[in-house]
Amino acid sequence: MSNEPATLNAEIDRLRLELHSLQSKEGVNDISIGNYLLNRLAQLGVTSMFGLPGDFNLGFLDLVEDHPQIDWVGNCNELNAAYAADGYARIKEGSLGVVTTTFGVGELSAINGIAGAFSEMVPVLHIVGVPNTVQQKAKPLLHHTLGDGRFDAYGKAAAQFTVLNSYITNKVDAARQIDQAITACITQARPVYLTLPMDLVYPKISSEQLKIHLSPTPPPNPALKEDFVIDIIHQRVTEANGDVVVLVDACVMRHGVREEVKQFLKETGFPVYAAPMGKTAVDENYNRYGGIYVGSLTPPHIKDKVENAKLIVSIGSLGSDFNTGNFSYNIPVSRHIELHSTYTQVQYARFEEVGMKHLLPRLTERLKSFYPVSSKIDVPPFVIELPNEQDPEILHSYFWPRLASFFKPKDVIVAETGTAGFGILGVPLPANSVLVSQILWGSIGWSVGSCLGVALAARDIGLGRVILFVGDGSLQLTVQEISPMIKKGLKPILFVLNNKGYTVERLIHGRNRKYNDIADWKWTALLDTLNDGNKFETASYTVNNKQELNDLLDKPSFADTSKIQLVEVIMQPLDAPEALKRQAEMTSKSNAG
């Protein structure tokens, strides 16, 4: 198959690394531990590191600043740094995001962002500068400690949100631990916690292992078990006479199987739809793509096509409440096949260790004979119409359809939890565009920090404009991160939906409660305030009605993103996308018990 040479090479490299780490090292110790770590990250395409300085990581940050390939971004707080690393990793598939903090106060500030990356399966390496090895043994009453000698308390907290905690304690094991930590992060698509003591940043170790590159490719599936699973799936598709619908979700992106899925769909001809977290896992201009399926919240013509198929094949699904219309999928187990990163579920049978990365190419080969039948299954076009609303105010029912014509191929759209996250779902996005959202963890303010990382990664790999949609309430949590965006010369378009507070919370509970209100900032002054001594060109606008919105969106100088721009969009406090209104109603009932 097409990916067999890469798989074989990755497995050979993995075995060579294991052998190398077991052998005694007699070579020259020619690289510091800190630079070994940085070079490993650079090999994987990491060009930006997020975080803040603290006295337990300053020695390491000297190496970061001097490294020829990795840029120290410098965030305004550790939470935002973790959000930025999350956004960076989502764009640079096959790589990872990296956040560096200091012991105790810094790492605990980042932990919400790390937890979100764990929840949504995003590979983020959290490097923590910690006291030297002598201090860790003696446990003196150091600053940033709890004052009771529990130097391990923070690692225990971090362990709840990582797949691996690795504590470097000596130079002999340092290279092996670094390799193991990074490999776990990129193959499992989850955060990893790595401590680097102050006295182990500069000691020299051998650089020999750097000649063997780390790979995000998972180990091959057990051959006989994989054969068996392919036979069973082929049998089920045969029984369904090729009447199959594919449903793609977030882990298609998180576990790097976009190309495998694209080939699978092209050669089989199966219709494809996406869950909300899987939006843009498949190009939305693909002629066999039918739109978003969200259980009971789905438009009837899409709901009918998905739920009435004889067989539904889910790829990379994450079945959270907001991703499934409050668990309202009408897909019985008897008609459902699920492909995941580490297992495959065929109806009621679960096959561990049969992951989709290696399964999909072989499954494509086996099922492509169904193309003459499956390619004739009708797929309604995924389109959105601009409503003919006479009222001048900007409603969500108009705003999102209007933006459909503003988006361009290769745009990267970052959507905040709530109104923006739901509003963008029904908008067809152009070819090679990417949607970044946090539907499962749902930490408000995440999108602003994430936008920083997204914009840096998008610039690296040649994507187009970065466009952020965030509510005024969410923006107040993490607004500082606009400052490093400007300082780094990034030029996103920031749409601030000014609806006077937390609309998503109002819809769930407390429509007129003061706790859902916020102060009304002068939003168009933000870019000037955060502009690093007014070094960079910026532009800010307020649109109060449809005509002003249309005039701005049609303005060529606005669309070309030659500078960072902020658009304040005046909206009503209780207006929201229809899907969000219905989801909020279900959530409210569910919360009430």
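These numbers come from a predicted model, not from an experiment.

What counts and how
Residues numbered from 1 in each chain as written. Predicted model: local features only at pLDDT ≥ 70, side-chain atom pairs only at ≥ 80, totals over all residues. Heavy atoms only, no water. Helix = DSSP H or I, 4+ residues; strand = E, 2+ residues; numbered from the N terminus. Rg over C-alpha atoms; globule rule 2.2 N^0.38 Å. Buried < 20%, exposed > 50% of the residue type's maximum accessible area, 1.4 Å probe, protein only. Contact = heavy atoms within 4.5 Å. Areas by Shrake-Rupley, 256 points an atom, 1.4 Å probe, with all protein chains shown as cover. Lys, Arg positive; Asp, Glu negative; His and termini not counted. Charge placed at Lys NZ, Arg CZ, Asp CG, Glu CD. Domains from an automatic or database assignment. Buried area = accessible area lost by both parts, 1.4 Å probe. Salt bridge = Lys/Arg side-chain N within 4 Å of Asp/Glu carboxyl O. Polar contact = N/O pair within 3.5 Å; in protein donor to acceptor, adjacent residues only side chain to side chain. Phe/Tyr/Trp six-rings, centres within 6.5 Å; stacked < 30°, edge-to-face > 60°. Axes fitted to C-alpha atoms, helices over the stretch in contact; angles between N-to-C directions. Parallel < 35°, antiparallel > 145°, perpendicular 65-115°, else oblique. Left-handed = near helix turned anticlockwise from the far one by under 90°. Nonpolar A, V, L, I, M, F, W, Y, C, P; charged D, E, K, R; others polar.

Thoughts on the overall build of the protein
Next up, step 1: Across its full length, the protein holds 24 helices and 21 strands.
Next up, step 2: Expected size for 593 residues packed as a compact globule is a radius of gyration near 25 Å; at 25 Å, the protein falls within 12% of this value.
Next up, step 3: Its C-alpha atoms put the protein at 70 × 65 × 50 Å along the principal axes.
Next up, step 4: Across the 593 residues of the protein, 58% fall into the buried class.
Next up, step 5: Pairs at least 24 apart in sequence give 77% of the contacts found in the protein among residues at least 6 apart.
Next up, step 6: Summed over all atoms, the accessible surface of the protein reaches about 23,600 Å², with 53% contributed by carbon and sulfur.
Next up, step 7: Computing the positive centroid from 54 side-chain charges and the negative centroid from 64, the protein places the two 2 Å apart.

Examining the domain arrangement of the protein
Next up, step 1: Its domain assignment divides the protein into domain 1 (29-211), domain 2 (223-375) and domain 3 (396-592).
Next up, step 2: Its C-alpha centre places domain 1 at a distance of 36 Å from the equivalent point of domain 2.
Next up, step 3: Carbon and sulfur atoms make up 50% of the surface buried where domain 1 meets domain 2, a total of about 630 Å² over both sides.
Next up, step 4: On the domain 1 side of the interface with domain 2, the three residues burying the most area are Glu93, Glu120 and Met121, jointly 70% of the side's total.
Next up, step 5: Counting every contact that joins domain 1 to domain 2 gives 2 salt bridges.
Next up, step 6: A salt bridge links Glu93 to Arg258, with the nearest nitrogen and oxygen atoms 2.7 Å apart.
Next up, step 7: At the boundary of domain 1 and domain 2, one finds 3 residue pairs in polar contact (both at pLDDT 80 or more).

As for the packing of aromatic side chains
Next up, step 1: Applying the stated rule across the entire model yields 22 aromatic pairs.
Next up, step 2: Look at Phe469 and Phe495: their rings are 4.9 Å apart centre to centre, the planes differ by 15°, and that puts the pair in the stacked class. One end of the pair, Phe469, is in strand S18 (residues 466-471); the other, Phe495, is in strand S19 (residues 493-498), and 26 residues separate them in sequence. In this structure, Phe469 and Phe495 share a single accessibility class: buried.

Comments concerning the packing of helix H9 (residues 223-239) against helix H13 (residues 356-367)
Next up, step 1: In contact at an axis separation of 10 Å, H9 and H13 are set at 45° when each is read in the N-to-C sense. Taken together, the axes of H9 and H13 lie oblique to each other. The element H9 and its partner H13 pack so that their crossing is right-handed. On H13, the residues touching Glu226, Asp227, Val229, Ile230, Asp231, Ile233, His234 and Val237 of H9 are His358, Leu359, Arg362, Leu363, Arg366 and Leu367.
Next up, step 2: Partitioning the contact of H9 with H13 into residue classes produces 7 nonpolar, 2 polar and 5 charged.

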